[in-house]
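What the coordinates show
Take a look at the letters that make up each chain.
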Amino acid sequence: MLEGAELYFNVDHGYLEGLVRGCKASLLTQQDYINLVQCETLEDLKIHLQTTDYGNFLANQTNPLTVSKIDTEMRKRLCGEFEYFRNHSLEPLSTFLTYMTCSYMIDNVILLMNGALQKKSVKEILGKCHPLGRFTEMEAVNIAETPSDLFNAILVETPLAPFFQDCMSENALDELNIELLRNKLYKSYLETFYKFCKNHGDVTAEVMCPILEFEADRRAFIITLNSFGTELSKEDRETLYPTFGKLYPEGLRLLAQAEDFDQMKSIVDHYVVYKPLFEAVGGSGGKTLEDVFYEREVQMNVLAFNRQFHYGVFYAYVKLKEQEMRNIVWIAECISQRHRTKINSYIPIL
Amino acid sequence: MGSMFRSEEVALVQLFLPTAAAYTCVSQLGELGLVEFRDLNASVSAFQRRFVVDVRRCEELEKTFTFLQEEMRRAGLVLPRPEGRLPAPPPRDLLRIQEETERLAQELRDVRGNQQSLRVQLHQLQLHAAVLGQGHGPQLATAHTYGASERTPLLQAPGGPHQDLRVNFVAGAVEPHKAPALERLLWRACRGFLIASFSELERPLEHPVTGEPATWMTFLISYWGEQIGQKIRKITDCFHCHVFPFLEQEEARRAALQQLQQQSQELQEVLGETERFLSQVLGRVQQLLPPAQVQVRKMKAVYLALNQCSVSTTHKCLIAEAWCATRDLPALQEALRDSSAEEGVSAVAHRIPSRDMPPTLIRTNRFTASFQGIVDSYGVGRYQEVNPAPYTIITFPFLFAVMFGDVGHGLLMFLFALAMVLAENRPAVKAAQNEIWQTFFGGRYLLLLMGLFSVYTGFIYNECFSRASSIFPSGWSVAAMANQSGWSDAFLAQHTMLTLDPNVTGVFLGPYPFGIDPIWSLAANHLSFLNSFKMKMSVILGVVHMAFGVVLGVFNHMHFGQRHRLLLETLPELTFLLGLFGYLVFLVIYKWLHVSAASAASAPSILIHFINMFLFSHSPTNRPLYPQQEVVQAMLVVLALAMVPVLLLGTPLHLLCRHRRRRRRPTGRKEDKAGLLGLPDASVNGWGSDEEKAGGLEDEQEAELVPSEVFMHQAIHTIEFCLGCISNTASYLRLWALSLAHAQLSEVLWAMVMRIGLGLGREVGVAAVVLVPIFAAFAVMTVAILLVMEGLSAFLHALRLHWVEFQNKFYSGTGYKLSPFTFAATDD
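So, how was this worked out
Residues numbered from 1 in each chain as written. Chains lettered and ligands numbered in written order. Predicted model: local features only at pLDDT ≥ 70, side-chain atom pairs only at ≥ 80, totals over all residues. Heavy atoms only, no water. Helix = DSSP H or I, 4+ residues; strand = E, 2+ residues; numbered from the N terminus. Contact = heavy atoms within 4.5 Å. Areas by Shrake-Rupley, 256 points an atom, 1.4 Å probe, with all protein chains shown as cover. Salt bridge = Lys/Arg side-chain N within 4 Å of Asp/Glu carboxyl O. Nonpolar A, V, L, I, M, F, W, Y, C, P; charged D, E, K, R; others polar. UniProt positions renumbered as here; feature names shortened; annotations may be inferred. Core = buried A, V, L, I, M, F, W, Y, C linked by side-chain atoms within 4.5 Å. Buried < 20%, exposed > 50% of the residue type's maximum accessible area, 1.4 Å probe, protein only. Pairing = 2+ DSSP bridges. Axes fitted to C-alpha atoms, helices over the stretch in contact; angles between N-to-C directions.

Considering the overall build of chain A
Within chain A, the regular secondary structure consists of 15 helices and zero strands. Expressed as a percentage of contacts within chain A between residues at least 6 apart in sequence, the contacts between residues at least 24 apart total 64%. Summing over all exposed atoms, chain A offers an accessible surface of approximately 15900 Å²; the carbon and sulfur share of this is 52%.

Shown next, in the form of structure tokens:
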């Protein structure tokens, strides 16, 4: 692609980029978090959130306020913003935004299938689905019995269809298979998204590729970690790893052979990027691997805003907002359960 | 009016409000709108303040109000404006209001819910009826037979165990936008073992919640086999379809349809009853809501104000700090006394010294408001600074009029403004919501003066819609010229241009009594005459305006006790300005008075003289205006240049000297301060120490005078002033440019439109008919281009001349407005 996206980027996407930067500026600041942490009750939290850009988004909630209400309202707000971006976007940004929703769609599909397996009512599970990943056919997911059924009947028209190529099988959908399906879908999704960004070139590729590479590597680590002590064979494990990223290919091959956390750690020692992350685990404040990854993600997403004329800001904004929501929910949980000792272990967005 | 010249004296007042009476006191203050509360709890976050519980209760109530309001809006009812004055209710009344509104809201919610569920039922019935009544019958029959004939050989092959296989139906309705997706999903999921027919409802049904008409797609699915049936039911569920039982027999269907219609009739009756009850409840809401809303809003405002107060250590009273105009102090005392009389302990207010700059308060009336607005939009004046607004009242319309000078246009503008002024008390005019109209209406007195002054300058320029009027006989006589030089008829026929020579006796009789002689409008050199006149006029007006600005600075220095600046700043500035540009004005006027028509041929050029003045040279061809001119000019230039270092170094050096002197002997300031702190505010926790710290910090700042900063500041000021004198004088030439543009535009409009129209038909009838559209075009263009467009541009330039050229000579505009705590906004 031609160098110099700055020449024509703003014609199509300038308005939205400005908008998303404005939205980013409304993320909670460190001072806000300090104030939030001091809250005694959820009502206090609500009053404080009213002074921020959240405004009176909780004003119409009937008492008593619960954490899940706050969470739902925040998600609704994010979803509203995202829908606005999406409705005003042009190609190829709209494709990019569709890719962004795919991960939520995968989560929703899997959630619904798990629900169906446990014979829970669809309504109950729908409440838990992420609004960003909603689509009409979603609720029909539970009529499918095999992955190919699922694909042929329901998902063939959704953006998820292309990711199904690798996971067509006639196996019955039990818990393990669903989990495998999720990981395969996710792998395929990440690879496609990565390819899309790479082909787009320009600043978008420069910004998005590292973020997605990190995402892929993180998945690989998590899959490895979760497969310790399960019946998943090492070969199967390897097929679940997304085939790009900093670990690809040698690191992934080594990871596939790993048998416990210490072996994993010794593999990671070869990678300068991830070594400090693994070293930070369990150190000061008892951070988990998840926390460390989240921190790193926030860091990368914040850096995305340093460049102009690319789509990465949309991705980064949604991720940052999600992190902020996780933080608020964490603080709210701590407040409502009177568990104040851990209230400070939210991930600050700098 | 006295308070117009500078902002009123504002004092920091400490209010001791007994806890029992604090609420009534503050609510009384809110009614009067006298004081601006200072936040004494700035470091306390919103939810840790004292009255946060009460605020929250008010908010709860407001939530109920919004619910009620929303219901009213949905019912299409308008809330009346509350009548009379509604004071903030005593706190115990809140409970009553809360109870009443809660009860109403609950009732409303119940009735609404009933109505809703009835509507949903009705909707369901109607849909069912529609599904049954829809013409799926014949289609179905063909599909059935078709399917059967297709299938016959297949079915026979396995030996016909499926002979008794029955076709089952699922019927229902779905929203139209979902229909295609549903159809496709059904097809894919059931692998085609079904026949679905979709058809759109002819008549849109009312949506049960929003009441909007919505069309529906009804569908009828026929399928074989129970498993597929389950799948279909699941799919229809997930698309939120309404599924109804569908009887196979035609007669049974008809019977069901009839029953449905009967049911829906009954339902409609019940619904009607419910709606009547609903309107009763809404009527009660209509009565109760508006006053309650105002009261609760006031109550919340009071609590928010109380949240800014701090609590005394004994918890007996609340302590508030507020800015209050000194003039209003007695009223404040009285209000406090009155409202706390019931409690036995009276609330007290007393002044306390403050180191912060008080807010600016300038009371305006409807006439001065727009002029004050012009000044304030540049920047609110520092406390007690000279207020340019009273001078703006005259200079602004005048400078505007210089650019807009035309009797006709001015008159139109004046009449428009006059109409607004006369109609200003009419409620319809006041209530108009149009933003553009409000802008004009807000500036009606400004427009009035602008129009009036334009009429005046129009007479000076002698232009009315670009035509000259001869009220007085012209000062020039063509007859005399013709007689003296013996122009023959043939000579006159040959020459279209004739020169009038003022040196010939009898031709120039004397100046025109007022403004420009109308004969100039006939002259070929009309423009060059006017240009010279307007240019010189612009410079004169500019220099006078700027000098006036510098002089106004004197009052600032006197008032703030900075007498050194009189000598070290105002005097050099004035000398610089008047020595150079004042002298230019002098030259212009001197030449006007001194050089007569007789000596016009050898008249000296001011421009050359002025240039030579700076070069210290003289040109032999240019006659001096008066003897010793060169010496005077050289002295003036040297004097003006000598003022620059004074201006540059005077104030900083003075400040440094004073500072050094003060440091050498310790001042009595410290004891002074101790005296201040000895005030009976020792009981106050928190804020006292804050104040002390802030005060101490400021003191240190003053003590640590940074020489480099002072020098830098003064250097910037000096450069700005000296260069500004030149550029600002040039800037005033916009007066000339815009008035020229205005005159030329109106001239063009006359020549291109009206003159052509007037010259068209010789017969009266034709001329009259032709003139109607032509005059219409002339009138529209005059208003659109000359009045609105030109008016706006002249307004803008006048604004600039005031903000930049005039106000930067003395006005800092770094203050902030006093915004008293008042219910006035909530009453509206």
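More follows now that the structure is in view.
A word on the interface of chain A and chain B
When the parts of a complex come together, some accessible area is lost, and that lost area is often used as the size of the interface. Listed by partner, the interface residues are 24 residues for chain A and 19 residues for chain B. In this structure, the salt-bridge partner of D44 of chain A is R56 of chain B, at a minimum N-O distance of 3.1 Å. Residue assignment for the side of chain A that touches chain B shows that the elements contributing at least two residues are α3 (42-50) and α7 (147-154) of chain A. The greatest single-element share of the side of chain A that touches chain B, amounting to five residues, is contributed by α3 of chain A. Residues belonging to the side of chain A that touches chain B are distributed by class as follows: eight nonpolar, nine polar and seven charged.

A few points about the UniProt feature "transmembrane region" (unreviewed entry) in chain B
All names here are of chain B. UniProt feature "transmembrane region" (unreviewed entry): in the numbering of this structure it lies at residues 398-423, 444-461, 512-530, 537-555, 575-593, 600-619, 631-656 and 764-789. Taken end to end, residues 444-461 has its terminal C-alpha atoms 25 Å apart, with 100% of it in helix and 0% in strand. Annotated as 100% helix and 0% strand, the span residues 631-656 places its first and last C-alpha atoms 38 Å apart.

Quick notes on the nonpolar core
F96, L150, F193 and F314 of chain A are the most contacted members of the largest nonpolar core, which totals 147 residues. Here this core takes 14 residues from helix α15 (residues 312-336) of chain A, the largest share from any one element. For F193 of chain A, the residues in contact, after removing those within four places along its chain, are F96, Y99, M100, M208, L212 and Y315 of chain A. In this structure, V402, M403, L446 and L801 of chain B belong to the second largest nonpolar core, which totals 72 residues.

Examining the sheet that holds strand β7 (residues 217-224) of chain B
All names here are of chain B. Sheet architecture is open: four strands sit in the order β4-β7-β3-β8, paired in antiparallel fashion. Each edge of the open sheet carries a strand with a single partner, namely β4 (194-200) and β8 (242-244). Within the sheet, the average angular offset between the axes of one strand and its neighbour, ignoring direction, is 25°. Here strand β3 (residues 167-174) runs beside β7; their pairing, made up of eight bridges, is antiparallel. Residue pairing in the sheet places A173 in a bridge with T218 of β7. Packing against the sheet, helix α3 (residues 91-133) makes contact with β3, β7 and β8, and its axis sits at approximately 60° to β8.

What about the UniProt feature "coiled-coil region" (unreviewed entry) in chain B?
The feature "coiled-coil region" (unreviewed entry), as annotated in UniProt, sits at residues 246-277 of chain B in this numbering. Spanning residues 246-277 of chain B, this segment combines 88% helix with 0% strand, and its end C-alpha atoms are found 36 Å apart.

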